[in-house]
Amino acid sequence: MAPIDTSIERRTIAVLVDNEPGVLARVIGLFSGRGYNIESLTVSVVDPARGQSRITIITSGTPQILEQIKAQLARLVPVHGVSDLSQEGPSVERELALVKVAGKGNKRVESLRIADIFRARVVDSGLEHFIFEMTGSSDKLNVFIDLMRPLGLVDVSRTGVVAISRGSTGLLG
Amino acid sequence: MPAKKMTGSQMLLKALCDQGVDVIFGYPGGAVLPIYDALHQQNAIRHILVRHEQAAVHAAEGYARSTGKVGVVLVTSGPGATNAVTGLTDALMDSIPVVCLTGQVPTHLIGNDAFQEADTTGITRPCTKHNYLIRSVEDLPRVVHEAFYVAHTGRPGPVVVDLPKDVLQATSHAYVGPEQVTHASYKPRTRPDTKAIEKAIEIIAKAKRPIIYSGGGVINAGDKASRLLTRFARTLGAPITSTLMGLGAYPASDPQFLGMLGMHGTYEANLAMYNCDVMINVGARFDDRVTGRLDEFSPNATKIHIDIDPSSINKNVMVDLAIVGDASAVLDALLKAWTKGEHSLSQRALKGWWKTIDAWRERDCLSFRRDDSVIKPQYAIKRLYELTKDRETFITTEVGQHQMWAAQYYKFEKPRHWMTSGGLGTMGYGLPAAYGVQIAHPDALVMDIAGEASILMNIQELSTLVQYGLPVKVFIINNQWMGMVRQWQELLHGSRYSQTYTASLPDFVKLAEAFGAHGLRATKPAELDDLILEMIDTPGPVVFDCQVDQKENCFPMIPSGAAHYEMLLGPDDAAAKPVSEEGMVLV
């Protein structure tokens, strides 16, 4: 018997599901019921005609647990396909954040300057606040948000990660 | 021509008929009144009125497991559905195909905390294979057919269909038959991968100490799978052991059969598992009752795992080769490939392996101290076996020591004759399961081997037996203790018997009579045979109070956290080998 690998890996898994009531609860319940981690989860309809939604989950665990997670997801009745984006070749991951910074004077100018460096867009502004919209990897968002903290960060809303494989094939086929 | 206009309830019954359902187990209530009204106006489907919804599910399980068909349950909303949850979880753990129809408050009241409202799909999501809430009468026939399809294909399991009352009363022309139902995402794999079969043959052909470890999946795959398993084992000449759920798939009296394995398995089965070099798991899931301590589980074996559920692979035990598919299809492919390749095992190695196994067998691990003054529970089950083995006999059990003794001492020669709650371990399973079996097999002898504690968990079902004249024999191994829990307290908790003695048990003979059944009692070994024969010959339901040695424990036993070779063979062993600290936290 091969020795059991106990290293913890991080994976991005895409799940194509029938967009029926309770399907998200089914997926989340599977993770909580079996003690799996969810670091990020996003869901949205991707094929309205066929009534299909795509759930992108970032999870972590040992290789054995990660295989279990995929097998458990795949056996849910409304699941059409499970794709391990971290394993099945290169993929692109993006996250969007809305970041509200309130302040006056130098701090306010500095926040705008940093936003410019990070290519964040201003989507709302007042005399004493900005709302920045920023898209990128989660790491990049983390850095940006950390920089905003001393400059008057008052609110953050993040979408969670969406991801897609590179190349010409996909889950919708 | 458009289909005839029907109410939701009529469509439901038509769909059940089209699925070949002839009996349902249920209990009426406000939300399902329209279904009961429709049931009243037809004769195709028989309704068995249970006394508790949990029992309805267990009865459907007994029916399903003994026939291979889907068991059907009908309960009302709210408490009807929540009472069914234990049964549903039981069916999920043991992979039993059940469709449970639950009433629901009308759609416009859902979410309003209406009378007898419960979030049934929410509550049953983790304890079903799948569930549905039907919001429109047009969806009803399709969903019901889909529910049956999901319940019995792939790895079988329970499916809940939640039916709001207004949907049942609405009318529609939209009836469709089962043949028009397809499923886009749910497509279980049944045919094995050819490459995996070739690889398996390669591994098996080199085996010197092979073992077949078969489980409930073989039973679920149909009687053909059991026949193929028997042929496969005989072709190889290899020893075979079975899980609790798999008993009967291979004839127990056959010399190649080593008995059950695991926590209360035989010495020879567990040591053969520990020492084998190739393990062929057919339809079992490396349950913790079977493996014992994982890092010492069969450490030198190349493991092949045949399972229809990909999520069973590498869940508890990492295997060297996985074959995903239906047990019948895989065994068939293996046999064909083995014969075609003219393979055979090294006879010299096999002979040596059998010699080793025979030496283990000589320990006679199921022997027990006989006593003339008090009935030993093992003796009671041995006699029960001897006196009923030549009949068509089905056995169900409750959960605990009696269950393990039944598994050890009753020999099952055929599949589908042994119904027990393996995964969930549900006390109260056996009596309703038994009448579920009896309804499917009216002329057979159906016995619930019970414990006095377990039987009280669904004792009200005696009333169901009497109402339908179902001649189930309830054989209570009565030691006045929750025996298995007491055994663990003795081994793990310094014999501090906290709350495991039942101080005021009913008089089971009088209790039987109060329900309108017949009661018998045995207290001495000398009278046991005559009373068992009297039980069998008594028409109608019988409760047999078999008062046994109160102190007897169930051996062999692999204590929790121990390995297969660390079996306790008897009370002396138990005293000499205390359970490890790691083992104490396990169940």
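We now turn to the structure provided with this report. (Residues numbered from 1 in each chain as written. Chains lettered and ligands numbered in written order. Predicted model: local features only at pLDDT ≥ 70, side-chain atom pairs only at ≥ 80, totals over all residues. Heavy atoms only, no water.)

Scanning chain B for helices and strands turns up 24 helices and 20 strands. A globule of 587 residues ought to have a C-alpha radius of gyration of about 25 Å, and chain B, at 24 Å, matches this closely. For chain B, the spread of C-alpha atoms along the principal axes amounts to about 70 × 60 × 45 Å. Classification of the 587 residues of chain B by burial places 62% in the buried group. For chain B, long-range pairs separated by at least 24 residues make up 75% of all intrachain contacts whose partners lie at least 6 apart in sequence. By element, 51% of the accessible surface of chain B is carried by carbon and sulfur atoms, the whole surface being about 22300 Å². Across chain B, 55 positive and 63 negative side-chain charges occur, with their mean positions spaced 6 Å apart. (Helix = DSSP H or I, 4+ residues; strand = E, 2+ residues; numbered from the N terminus. Rg over C-alpha atoms; globule rule 2.2 N^0.38 Å. Buried < 20%, exposed > 50% of the residue type's maximum accessible area, 1.4 Å probe, protein only. Contact = heavy atoms within 4.5 Å. Areas by Shrake-Rupley, 256 points an atom, 1.4 Å probe, with all protein chains shown as cover. Lys, Arg positive; Asp, Glu negative; His and termini not counted. Charge placed at Lys NZ, Arg CZ, Asp CG, Glu CD.)

Quick look at the interface of chain A and chain B now. One frequent convention defines the size of an interface as the accessible area lost when the parts assemble. Taken together, the contact pairs 16 residues of chain A with 23 residues of chain B. Across the chain A/chain B interface, buried area totals approximately 1600 Å², and carbon plus sulfur atoms make up 53% of it. Scanning the region where chain A abuts chain B turns up one salt bridge. When the shortest N-O distance is used, the salt bridge between Arg75 of chain A and Asp309 of chain B registers 2.5 Å. Inspection of the region where chain A meets chain B yields eight residue pairs in polar contact (both at pLDDT 80 or more). Within the residue set of the side of chain A that touches chain B, elements represented by two or more residues are α1 (23–33), α2 (63–74) and β4 (79–84) of chain A. The biggest single contributor to the side of chain A that touches chain B is α2 of chain A, with four residues. Split by residue class, the side of chain A that touches chain B holds seven nonpolar, five polar and four charged. (Buried area = accessible area lost by both parts, 1.4 Å probe. Salt bridge = Lys/Arg side-chain N within 4 Å of Asp/Glu carboxyl O. Polar contact = N/O pair within 3.5 Å; in protein donor to acceptor, adjacent residues only side chain to side chain. Nonpolar A, V, L, I, M, F, W, Y, C, P; charged D, E, K, R; others polar.)

With that settled, consider a nonpolar patch on the surface. The grouping of Met584, Val585 and Leu586 of chain B at the surface amounts to a nonpolar patch, some 280 Å² of accessible area in total. Counting through the fold element by element, Val585 of chain B comes out in helix α24 (residues 581–585). (Patch = residues over 30% accessible without salt bridge, like charges linked within 9 Å, V, L, I, M, F, W, Y side chains within 5 Å.)

With that out of the way, let us pick up the sheet that holds strand β3 (residues 52–61) of chain A. Residue and element names in this part refer to chain A. Strand order in the open sheet formed by four strands is β2-β3-β1-β4, and the pairing between neighbours is antiparallel. Strands with a single pairing partner mark the edges of an open sheet, and in this sheet they are β2 (40–47) and β4. Neighbouring strand axes in the sheet, compared pairwise and without regard to direction, differ in orientation by 20° on average. Relative to β4, strand β1 (residues 9–18) runs antiparallel, the two sharing five bridges. If you follow Ala14 over to β4, its bridge partner there is Ser83. Sheet strands touched by α1: β1, β2 and β3. Its angle to β3, the strand with the most contacts, is close to 10°. (Pairing = 2+ DSSP bridges. Axes fitted to C-alpha atoms, helices over the stretch in contact; angles between N-to-C directions.)

A few words now on helix α4 (residues 79–93) of chain B. Residue and element names in this part refer to chain B. Between its first and last C-alpha, α4 extends 22 Å over 15 residues, near the 21 Å set by a 1.5 Å rise per residue. Of all the bends in α4, the greatest, near 40°, is centred on Val85. Listed as buried for α4 are Gly80, Ala81, Ala84, Val85, Gly87, Leu88, Asp90 and Ala91. Contacts made by the buried residues of α4 are with α3 (53–67), β4 (71–75), β5 (98–104), α5 (120–124) and β7 (158–164). (Expected span 1.5 Å × (residues − 1). Bend = angle between axes of the 7 residues up to and from the residue.)

Turning to helix α22 (residues 525–537) of chain B, a few remarks are in order. Three or more residues of α22 of chain B are buried, namely Pro525, Leu528, Leu531, Ile532, Met535 and Ile536 of chain B. Summarising the contacts, the buried residues of α22 of chain B are in contact with α15 (377–388), β17 (445–451), β18 (473–478), β19 (518–522) and β20 (542–547) of chain B.

With that settled, consider a positive patch on the surface. Residues and elements named next belong to chain A. A surface patch of like charges, here positive, comprises Arg94, Arg119, Lys140 and Arg166. Of note, Arg94 is situated in strand β5 (residues 91–102). Among the residues examined, Arg94 registers a relative accessible area of 43% and is labelled partly exposed.

Another point: the environment of Lys70 of chain A. All names here are of chain A. Relative to the elements of secondary structure, Lys70 occurs in helix α2. Relative accessible area serves as the criterion here: at 16%, Lys70 is assigned to the buried category. Not counting chain neighbours up to four residues away, the residues in contact with Lys70 comprise Arg11, Ile13, Val82 and Asp84.

Our next topic: the pattern of salt bridges. Residue and element names in this part refer to chain B. Under the definition given, this model contains 33 salt bridges over all chains. Measuring nitrogen to oxygen at the nearest pair gives 2.8 Å for the salt bridge that ties Arg155 to Asp309. Taken together, the residues Arg155 in the loop between α6 (140–152) and β7 and Asp309 in the loop between β13 (302–307) and β14 (321–324) connect sequence positions 154 residues apart. Per residue, the accessibility class of Arg155 equals that of Asp309, and both read buried.

Our next topic: the nonpolar core. All names here are of chain B. Ranked by size, the top nonpolar core spans 114 residues in total, and within it Ile280, Phe475, Leu528, Met535 and Phe544 carry the most contacts. Setting aside residues no more than four positions away along its own chain, Phe544 makes contact with Val474, Phe475, Ile476, Leu520, Ala522, Leu528, Leu531, Ile532 and Met535. Phe25, Ala60, Ala64 and Ile439 belong to the second largest nonpolar core, which has 46 residues in total. (Core = buried A, V, L, I, M, F, W, Y, C linked by side-chain atoms within 4.5 Å.)

What follows concerns the packing of α3 of chain B against helix α17 (residues 430–440) of chain B. Residues and elements named next belong to chain B. Relative orientation of the contacting elements α3 and α17 amounts to 45°, with a least axis distance of 6 Å. When the axes of α3 and α17 are compared, the pair comes out oblique. Taken as a pair, α3 and α17 cross one another with a handedness that is right-handed. Counting all contacts with α3, which are made through Ala55, His58, Ala59, Gly62, Tyr63, Ser66 and Thr67, the residues of α17 involved are Pro432, Ala433, Tyr435, Gly436, Val437 and Ala440. Looking at the contact of α3 with α17 residue by residue, the classes come out as eight nonpolar, five polar and no charged. (Parallel < 35°, antiparallel > 145°, perpendicular 65-115°, else oblique. Left-handed = near helix turned anticlockwise from the far one by under 90°.)

Residue and element names in this part refer to chain B. Reading across from one edge, β3-β2-β4-β5-β7-β6 is the order of the six strands in this open sheet, with parallel pairing throughout. The strands lining the two open edges of the sheet, one partner per strand, are β3 (46–49) and β6 (130–133). Pairwise comparison of adjacent strand axes, ignoring direction, gives a mean angle of 20° for this sheet. One ladder, built from four bridges, connects strand β2 (residues 23–26) with β3; its direction is parallel. Paired with Val23 across the bridge in β3 is Arg46.

This next bit is on unusual backbone geometry. Residue and element names in this part refer to chain B. With an omega of -5°, the peptide bond running from Phe555 to Pro556 counts as cis. In this fold, Pro556 is placed in the loop between β20 and α23 (571–576). Phi at Ser95 takes a positive value of approximately 55°, unusual for a residue other than glycine. Mapped onto the elements of the fold, Ser95 is located in the loop between α4 and β5.

Moving on: the pairing of β1 of chain A. All names here are of chain A. Counting buried residues along β1, eight of its ten residues qualify, which places the element largely inside the surrounding structure. Bridge count between β1 and β3: ten bridges; the pairing is antiparallel. Looking across to β3, one finds that Arg10 is bridged to Ser60.

Residue and element names in this part refer to chain B. When you line up the elements, Thr243 lands in the loop between β10 (240–242) and β11 (257–260). Given the relative accessible area of 9%, Thr243 is considered buried. Apart from residues lying up to four places away in sequence, Thr243 is in contact with Tyr213, Ser214, Gly215, Gly216, Met260, Leu261, Ala284 and Val290.

As a further point, take the packing of α1 of chain A against α2 of chain A. The description of two helices packed together rests on the angle between their axes and the distance between the axes. Residues and elements named next belong to chain A. For the pair α1 and α2, interaxial distance at closest approach is 11 Å and the crossing angle is 145°. α1 and α2 meet at a crossing whose hand is right-handed. Residue-level contacts link Val27, Leu30 and Phe31 of α1 to Ile69, Gln72 and Leu73 of α2. Considered class by class, the residues forming the contact of α1 with α2 number five nonpolar, one polar and no charged.

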